[in-house]
Number of protein chains: 2
Amino acid sequence: MGSQRRLTSLTMAFIIPRLLCLVCVSVVCRGENTEMVNVVTERKAEESHRQDSTDLLIFIMLLTLTILTIWLFKHRRVRFLHETGLAMIYGLLMGVILRFGVHSPQDVNNVTLTCAVNSSPSTLLVNVSGRFYEYSLKGEFRDSKGHDVPNAEMLRKVTFDPEVFFNILLPPIIFHAGYSLKRRHFFRNLGSILSYAFVGTVVSCFVTGLVMYGCVVFMKVIGQLREDFFFTDCLFFGAIVSATDPITVLAIFNELMVDVDLYALMFGESVLNDAIAIILSSSIGAYQPEGDNRDTFDGSALLKSLGVFLGVFSGSFAMGAATGVMTALVTKFTKLRDFPLLETALFFLMSWSTFLLAEACGFTGVVAVLFCGITQAHYTYNNLSDDSKSRTKQLFEVLNFLAENFIFSYMGLTLFSFQHHVFNPCFIIGAFLAIFLGRAANIYPISFLVNLGRKNKIAANFQHVMMFSGLRGAMAFALAIRDTATYARQMMFSTTLLIVFFTVWICGGGTTPMLSLMQIRVGVDSDQDNPTTALDGVQTSTKQESAWPLRLWYTFDHNYLKPILTHSGPPLTSTLPGCCGPIARCLTSSQAYENVGRLHDEDTELILNDGGCSMYGDMTVSTDAQGVPTNSSSQAGVYSIAGTSDDPLDRELAFGGTRLVLPTEDPQEPLTSFPPPPPSPPLADPLRHRV
Amino acid sequence: MGSQRRLTSLTMAFIIPRLLCLVCVSVVCRGENTEMVNVVTERKAEESHRQDSTDLLIFIMLLTLTILTIWLFKHRRVRFLHETGLAMIYGLLMGVILRFGVHSPQDVNNVTLTCAVNSSPSTLLVNVSGRFYEYSLKGEFRDSKGHDVPNAEMLRKVTFDPEVFFNILLPPIIFHAGYSLKRRHFFRNLGSILSYAFVGTVVSCFVTGLVMYGCVVFMKVIGQLREDFFFTDCLFFGAIVSATDPITVLAIFNELMVDVDLYALMFGESVLNDAIAIILSSSIGAYQPEGDNRDTFDGSALLKSLGVFLGVFSGSFAMGAATGVMTALVTKFTKLRDFPLLETALFFLMSWSTFLLAEACGFTGVVAVLFCGITQAHYTYNNLSDDSKSRTKQLFEVLNFLAENFIFSYMGLTLFSFQHHVFNPCFIIGAFLAIFLGRAANIYPISFLVNLGRKNKIAANFQHVMMFSGLRGAMAFALAIRDTATYARQMMFSTTLLIVFFTVWICGGGTTPMLSLMQIRVGVDSDQDNPTTALDGVQTSTKQESAWPLRLWYTFDHNYLKPILTHSGPPLTSTLPGCCGPIARCLTSSQAYENVGRLHDEDTELILNDGGCSMYGDMTVSTDAQGVPTNSSSQAGVYSIAGTSDDPLDRELAFGGTRLVLPTEDPQEPLTSFPPPPPSPPLADPLRHRV
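Looking at an unreviewed UniProt entry, one finds chain A named Sodium/hydrogen exchanger, with Triplophysa tibetana as its source organism. The UniProt entry for chain A carries the following comment under Sequence similarities (unreviewed entry): "Belongs to the monovalent cation:proton antiporter 1 (CPA1) transporter (TC 2.A.36) family."

Laid out in C-alpha cells, this is it:
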C-alpha cells in the first residue's frame, strides 16, 4: 500500500544519480523483560505463518469456488456473467464477510514497535537483548493512528503488496496475450491496430485527462475537493483508465465465433493498449516540473516525459524481441526438441528472464514480456517439438487463467478490504463521462482515418461494438493500486475499481445482446480465411495495411528473419545473394529445404497480395482432398496459399484433421453483415482444402 | 538464515499456550536531516528492486545454462554426471565468482539502522519525519559485527529465506513424486517399502545420531569442540541426513530401464523417507526436557516427541488424503472434464490448498502434499479427461524440474555464499562414517527381515545397490538450512552440504558402474510385468506383500473406494449388498458399467493372486494384435490381467500405441541375474498383446 517504489523508478533512472550516504543511526532504548522473548518471538512467527497460510487458503478456496461456478455456467450456457465477473462477486462477498462478519480478537500478531528516526532504510536491524533481528521495508504505512475500521488488522493481512501484481500476476497474463495472438489476423490488421493502440490510447488519455480536469475544477468551485489535484494527476488517471481489458468480451467473441477481423482489432488493440498505458502512466509520473509547482507547464519536463515514453517503449520492445530471438536461435540450433521437458523449461525460463532483464535495466518488464510473447509465437514456436508446442501453450494458459481470476477475486475483495477508499460522487460521475468520451474520441475518429486507407472498411456497427466493449480490467486495477499514497490517488483507485466493476458486469454482460443488436455475424470459423481477398481482387483488401514500411518488413521477415531463426520459411540459400552461399547453407536447417514446397505462413499471402509475384519459388504444392500433392502454377498458387495461410499456432488451435471448406458454406460473406452477401462462384475448390 | 520459526512450530503447537502480551515500545530518537529523505527512500527501493531482479536473473541464467548443458550431455549420452550434479557445479562456480570475482562497492542498499529494544515484533513501524514505514521481520541476523567476508552484502542478497524451500520449492517436487509414483510396482512392494521407510529411517536416524554423539564426545576430549552439542542435536542431524533423495539415481535407472522392483523399492523408500525425516526432525525438536538441561533423559519429553511424530504424521496423511478424495469426488460428479483448463486449474488449486490447509492447521504441508499426490494419482487421475491427464502431469513435471534444479544450483552457490560455515574435519569424517553405518543399519537388517516373508527375495546385489544409492539431496539440504542459528546447527549445515555434494557426484556418478559391477539387469520394460508371477505359481510372488491388513485394504479399495471416487472399478451395484441398491446406483457412473468388462488395474492382479478367484466378473476382455476383442475365461484371464494390469498413469507414461510383447524377448528372467534365466515356453501369447 502506498509505496511509490516502482512508479518513480523510471523517473529515477533518468535523473542524474545522486550520492547516497549510508545512514547509520543508533537508537538506544531501555532493555527490559528480556526473558521469554525468544519463545514469544517464535510463537509470533509461527502464528504469522499460519495466518499467511490461512489467508492464501481463502483465496485458493475462492478460486476453486469460482472454477466450479464457471463450470456450472458453461455447462448451462449462461453468458450474461463471465468468469471474471463471477470471481469479482465472490471476492466481494468474501470482503463483506471479512469486514463485517468475522470479529477477530485484537490479535497476537499486531505487535507494533515505533521508532522515530530520520530515514527509512530498506533493511533494519533491531537489537533485542544482544540478538539482531533483520527487518525489511514493506512500504509506507498510512493512517496508522486511525484504526476506525473493524477488523482493520485482519483486512490489512489479506492485502497484498501492489508490486505482487506487477511482478507476479501480470507477466503471465500479458505473456499469454502475446503468445496466443492469432498472428495472421493480427498482422492483416496491423496498421489499424497500431493506430488504435498508439494514437487512440494517447488521444483517449488526454481527452479523459481534460474532462477530469474540468470535473476537478468544478469540484473545487463547489467545495467538494479538499486537497490538491493537479492536471498531471488527471492525465495520470486518463492513462490508468485507458488500458482496456478485453478478456470478458473476447471470451464471448471466442465462444460465439464472432467475425475474425473484429476479434483481431479488439484483441490487438487491447494487448498493445496495456503496454501503452503502462508506459504512458510512468511517463506522466516522470513529468515533474522543477520546484514542486506541479500545475505549471514546463516544456523541458514534457520533453523529458516524451523521452521516457520513447526510451522505455523502445527499450522494453528491444529486450522482449531480443530474448525471443535468442530463444528461437537456441531452439533452432540445438536439438533440444528431442527433450520436450528441457525445451519447455528453457522456453519458460527465457521468457521469464525477459521480465527480469527489463526490470533490472530499468525498463518495463510487463511490456518486454508482451513483445517477447509475440516474438516467441512468431519464431520460436515453429522450432518447438509438437509436445513442447502444446506444453508451452497449456502451461501459460493455466498460469494466465489462475492469475486472471486471482486478480479479479482480489478486486472484489479490495472494495471492502481497502481502508482508504475515497468515493466522491462528482468525481465518479465525471470519470464515467470521461471514459465514455475518451473511448469515443479513440474509436470513431481513428476508425474514420483508418477507413480512408482501408478497402475493407471497418463498418459502423463494428465501431459501436468496439466502443461498447472497451472494458477496464486487470491492468487498470494494477496501475491504480500501485500508488495509493495521496488523497488524489486514493480517489482514483476507488473510482477505477468502480469503473472496472461496472464495465465488467454491465458491458461484459451486455456483449451478447449488443452483438445481436448490431447484427454482427457470429459462428465464423476463424480458420476460414476471409475470401473477399480472392473475390475483390488480390491486391485490394490488405492494400492499406501493407503500406510500404510494413511491406518492407514482411518481406525482410519472410526472406531473412524467419529462415534464420526458424526451421520454416524459404531456405536462405535461395533468398540471400550468391556470395553469401556458405553462411546461408550454414544457417539453413535441413527442414527448411523440405518445407520449401509448401510454404504457408501469413507473410506469403501479404507478399503475394502486394502484387509482387513470389520471389523465392513459383511452384507451390497444395493437396487435394485425398492428400495427393497437386502442383499449381503461380497464379493458382495465390489462392492456394491464401487458403492455407494459417500459421501453425492458429492451425494448432483449431486442431482438426482434414477440414473441408465447402462452397456451400457461403464463405464470401463480406466483413459486415449489410449489405447481404452475394452467392459465390465455386472458385478454385480443390485448392482450398486444408490438410 | 537462522530463523527457528517453523522448526519449533510443532513444539509450540503442543505446549500449553501462554498468554502473549502486546509489546508496544516507543523509541524516541533524534530526528535530523529530514530533507531528501523521500527521494532517497524511493531511490533505495528502486535500487533494491533492480538488485532483486538481477539476483533472480542470475539464477534463471544458471538454470538456462544447466538446461543447455543437460541437453548436451543427454545428446552425447554422458551418464557420469546427472543434471542435478551439473546444476550444483554451476551454482558453485557462480558462488566463487560472487565471492571472489566481483567487487561490488560498499553498496547503496546497505542502509542499516540499529534499534536496541526489548522485543522482536513481526511488524515494525518506523516514524520518519511524520511518515510511517512498515517493516516486516525477516529473521535473526547473525554475526552482524563481523563483516569479514568480502562482498558480504552481496552474498547476503543472493541468500534466500530458508522458508522459501519449504513453502515454494519443495511442495511441487514432493507432489510430483507422489503423483508420478508407479503405483502398480509400488503397491506390489508396499510391505517392504514401508519397512524401509518407517523402521529403516528411524533406525538410520538413531544409528547416525549415536555415531555422531560418539564423535562429538571424542571431539570434546581432544578439544576440537568449543560449544555445546547435545545428544538431541546429534539425533537431529541423524534425522536430517536420513532423508534420501533418489532423483539422480532414479533418473539413471529410468534411462537404463533397470529392474522395476528395484526401482519401486528405491523410489518408494525415498519418497516416504522424506516424509519420515521431516516429521522425525520436528519431533526431535519437540523433545525438550524441562529446565534447559538438554542432555539428560526425560521420559515425558520422549513421549511427547512420539506423540508429535504420530500426530503430525497421521494429521498430514489425513489432510492429504482428504483433499485428494475431495478432488476425486468433485471431478467425478461434475462434468468438469468437458473443460480441461478448468479441470487442470481445479486440480492444481486443490493440490496446493492441501499444503496450505496442513500448514494452517499446524501439520506438515510437505507431507500432506505427498499423500495428496498419491491419492490424486490413485483416484482423481482416473476421472480426468485425457487432455487434463497430460496437462496435469506436464505441469507438475515442469514445476518439479525447475524447482529441483533451482535447489541444486542454490546448494552449489551456498557453499561459498553462506557466511557462517563451520567445517570441522573430525565432525565431517564422523558424519560420513555415520551415514554409511546408518544406511547399512537400515538396508541389510531390514532386507533380511523383509526377505523372511518375501518369496521374491531382495537379492544381495539389490541390497548393495540400495546401500550405495542412498544419496542425500534437496530434503536434507532444506532441513539443514532451515535453522542455522547456533554453532551446532551451522556445523551440521556445512557437513550436510558436503555430504550432498559427495553423494550426488560420487555415488550418483558411480551408479552406472555400480549397476554393471553388481550385474543388475538393465533394459527391462517397466510395463512388462514380471512374469515370474505366472511361472512360479499365481499365489507366491506377492504373498508376503499381501499380508491380511494390506489384502483387506486392497479389496476394500477396489470394491468400494474406487467405484465411489472414480469412474473405474466394478459398479457399486455389483459389490454393495442389495439393500444399498439406490445409493449404489446413484454413486455409480455410467462409465463404470461400460468398464466392467475390462477391468485392469493393479488391484485386480493382487486380489486374483491372493488365490481368491475374481469376485466381480469371470470374463475379461482382451484384444489380439488386430484389436479384435477376445473373451477369455477365468484362468486365462489371470494371465491376461497380469499382462495388462498397468494402471493408466503407467500406460500413459509408456505412451506407445499397440505394443507387442514377443516371447523372443525372454521375459522370464527372474528378479536377479543369477542364476541365468531358463528359456520360456510361449505362454498365452495372443493374450499378452497390449492395446
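On we go.
**Student:** Before we go on, may I ask you to explain the packing of helix 5 (residues 163-179) of chain A against helix 14 (residues 386-417) of chain A in this structure?
**Tutor:** Axes are the key here: two packed helices are described by the angle between their axes and the distance separating the axes. Residues and elements named next belong to chain A. At a minimum axis separation of 8 Å, helix 5 and helix 14 run at an interaxial angle of 130°. Taken together, helix 5 and helix 14 sit at an angle that is classed as oblique. Crossing of helix 5 over helix 14 shows left-handed handedness. Contacts between helix 5 and helix 14 involve Phe-165, Leu-169, Leu-170, Pro-172, Ile-173, Phe-175, His-176 and Tyr-179 on the former and, on the latter, Thr-392, Lys-393, Phe-396, Glu-397, Leu-399, Asn-400, Ala-403, Glu-404, Phe-406, Ile-407 and Tyr-410.

**Student:** Please explain unusual backbone geometry as it appears in this structure.
**Tutor:** Residues other than glycine predominantly adopt negative phi, and peptide bonds predominantly adopt the trans conformation. The phi angle at Gln519(A) is positive, at roughly 55°, despite the residue not being glycine. Following the sequence through the fold, Gln519(A) ends up in the loop between helix 19 (511-517) and helix 20 (532-536).

**Student:** Please explain a nonpolar patch on the surface as it appears in this structure.
**Tutor:** A cluster of nonpolar side chains, Tyr213(A), Val217(A), Phe218(A), Val221(A) and Ile222(A), forms an exposed patch at the surface whose accessible area comes to about 460 Å². In this structure, Val217(A) sits in helix 7 (residues 190-221).

**Student:** Which parts of the structure should I look at to understand helix 17 (residues 474-481) of chain B?
**Tutor:** Residue and element names in this part refer to chain B. Within helix 17, eight of the eight residues are buried, leaving the element largely enclosed by the surrounding structure. Residues of helix 17 that are buried: Ala-474, Met-475, Ala-476, Phe-477, Ala-478, Leu-479, Ala-480 and Ile-481. Buried residues in helix 17 make contact with helix 5 (163-179), helix 8 (231-241), helix 10 (260-286), helix 13 (365-383), helix 14 (386-417) and helix 18 (487-509).

**Student:** Please explain the pattern of salt bridges as it appears in this structure.
**Tutor:** Two side chains with opposite charge may pair up if their charged atoms get near one another. Per the counting criterion, the structure on display carries eleven salt bridges over all chains. Linking Glu397(A) and Arg391(B) is a salt bridge whose minimum nitrogen-to-oxygen distance equals 3.2 Å. Of the two residues, Glu397(A) sits in helix 14 while Arg391(B) sits in helix 14, which places them in two different chains. Here Glu397(A) falls in the partly exposed class, since its relative accessible area comes to 24%. Take Arg391(B): its relative accessible area is 8%, and that puts it in the buried class. Sharing partners across several salt bridges, the network here consists of Asp233(A), Asp483(A) and Arg489(A).

**Student:** What should I look at first to understand the domain arrangement of chain A in this one?
**Tutor:** The figure often quoted for interface size is the accessible area lost as the parts come together. Residue and element names in this part refer to chain A. Each domain of chain A was delimited in the assignment, giving domain 1 (162-289 + 307-518) and domain 2 (551-595). On a C-alpha basis, the centres of domain 1 and domain 2 stand 35 Å from each other. Tallying the contact residues gives twelve residues for domain 1 and 16 residues for domain 2. Taken together, both faces of the contact between domain 1 and domain 2 bury some 1,100 Å²; the carbon and sulfur share is 56%. Summed over the three residues of domain 1 that lose the most area to domain 2, namely Lys-332, Tyr-379 and Asn-382, the buried surface amounts to 48% of that side.

**Student:** When you look at the packing of aromatic side chains in this model, what are you seeing that I'm missing?
**Tutor:** How two aromatic rings sit relative to each other is set out by the distance from centre to centre and by the angle between their planes. Residues and elements named next belong to chain A. According to the stated counting rule, one finds 57 aromatic pairs over all chains in the structure shown. Note on Phe-59 and Tyr-410: the rings are 6.0 Å apart at their centroids and 40° apart in plane angle, and the pair reads as tilted. One end of the pair, Phe-59, is in helix 2 (residues 37-75); the other, Tyr-410, is in helix 14, with 351 residues separating them in the sequence. Accessibility expressed as a relative area gives 2% for Phe-59, which makes it buried. On the accessibility criterion, Tyr-410 (1% relative accessible area) is buried. A cation over a ring is seen here: Arg-482 above Phe-166, with NZ or CZ 3.5 Å from the ring centre. Lying over the aromatic face of Phe-236, Arg-489 brings its terminal NZ or CZ to 4.1 Å of the ring centre.

**Student:** Just to check I follow, could you spell out the state of the cysteines for this structure?
**Tutor:** What is meant by a disulfide is a covalent connection between two cysteines, made through their sulfur atoms. All names here are of chain A. Here the structure, examined in full by the defined rule, presents zero disulfides over all chains. With no disulfide partner, Cys-234 has as its closest neighbouring cysteine sulfur the one in Cys-215, 8.2 Å distant. Given a relative accessible area of 0%, Cys-234 falls into the buried group.

**Student:** I'm lost on helix 12 (residues 340-360) of chain A in this one. Help?
**Tutor:** Because an α-helix completes one turn every 3.6 residues, residues spaced three or four positions apart along the sequence face the same direction. Residue and element names in this part refer to chain A. When the terminal C-alpha atoms of helix 12 are compared, their 30 Å separation across 21 residues agrees well with the 30 Å that a helix rising 1.5 Å per residue should span. Summarising burial for helix 12: 19 of the 21 residues are buried, a large majority. Remark: Gly-362 follows helix 12 within two positions and exhibits a positive phi of approximately 85°.

Parameters and conventions
Starting from 1, residues in each chain are numbered consecutively following that chain's sequence as written. For naming, the first written chain is A and the first written ligand is 1, with later ones following in the order written. Given that the model is predicted, a residue must reach a pLDDT of at least 70 before its local features are reported, and side-chain atom pairs must reach 80 or more before they are shown or counted; all residues, however, enter totals for whole chains, interfaces and linings. As a rule here, side-chain values cover all heavy atoms of the structure and leave hydrogens and water aside. UniProt positions are given in the numbering used here, feature names are shortened, and annotations may be inferred rather than shown by experiment. Note on method: axes are straight lines fitted to C-alpha atoms, helices fitted across the in-contact stretch only, with angles between N-to-C directions ranging 0 to 180 degrees. Secondary structure elements follow DSSP: runs of H or I no shorter than four residues count as helices, runs of E no shorter than two count as strands, and numbering proceeds from the N terminus. Oblique is the label for every angle not falling under 35 degrees (roughly parallel), over 145 degrees (roughly antiparallel), or within 65 to 115 degrees (roughly perpendicular). Crossings are sorted by hand: turned counterclockwise from the far helix by less than a right angle, the near helix makes the crossing left-handed, and turned clockwise it makes it right-handed. By definition, residues are in contact when any of their heavy atoms lie within 4.5 Å. Each patch groups residues whose relative accessible area exceeds 30% and which form no salt bridge, using 9 Å between like charges and 5 Å between nonpolar side chains of Val, Leu, Ile, Met, Phe, Trp and Tyr. In these tables, accessible area is a Shrake-Rupley quantity obtained with a 1.4 Å probe, and a residue counts as shielded only by the protein chains included in the view. By definition here, a salt bridge exists when the distance from a side-chain nitrogen of Lys or Arg to a carboxyl oxygen of Asp or Glu is within 4 Å. Exposure is judged per residue with a 1.4 Å probe applied to protein chains only, and the accessible area is read against the type maximum: over 50% gives exposed, under 20% gives buried, and values in between give partly exposed. Where each domain begins and ends is defined by an automated method or by a domain database. Using a 1.4 Å probe, buried area is obtained as the accessible area two parts lose upon being combined, added over both of them. The criterion for an aromatic pair is that two Phe, Tyr or Trp rings (for Trp, the six-membered ring) have centres within 6.5 Å, with stacked assigned to planes under 30 degrees apart, edge-to-face to planes over 60 apart and tilted to the rest. Should the NZ of a Lys or the CZ of an Arg lie within 6 Å of a ring centre and within 35 degrees of the ring normal, that charge is described as sitting over the ring. Here, the term disulfide refers to a pair of cysteine sulfur atoms separated by no more than 2.5 Å. An expected span of 1.5 Å times one less than the residue number is assigned to each helix.

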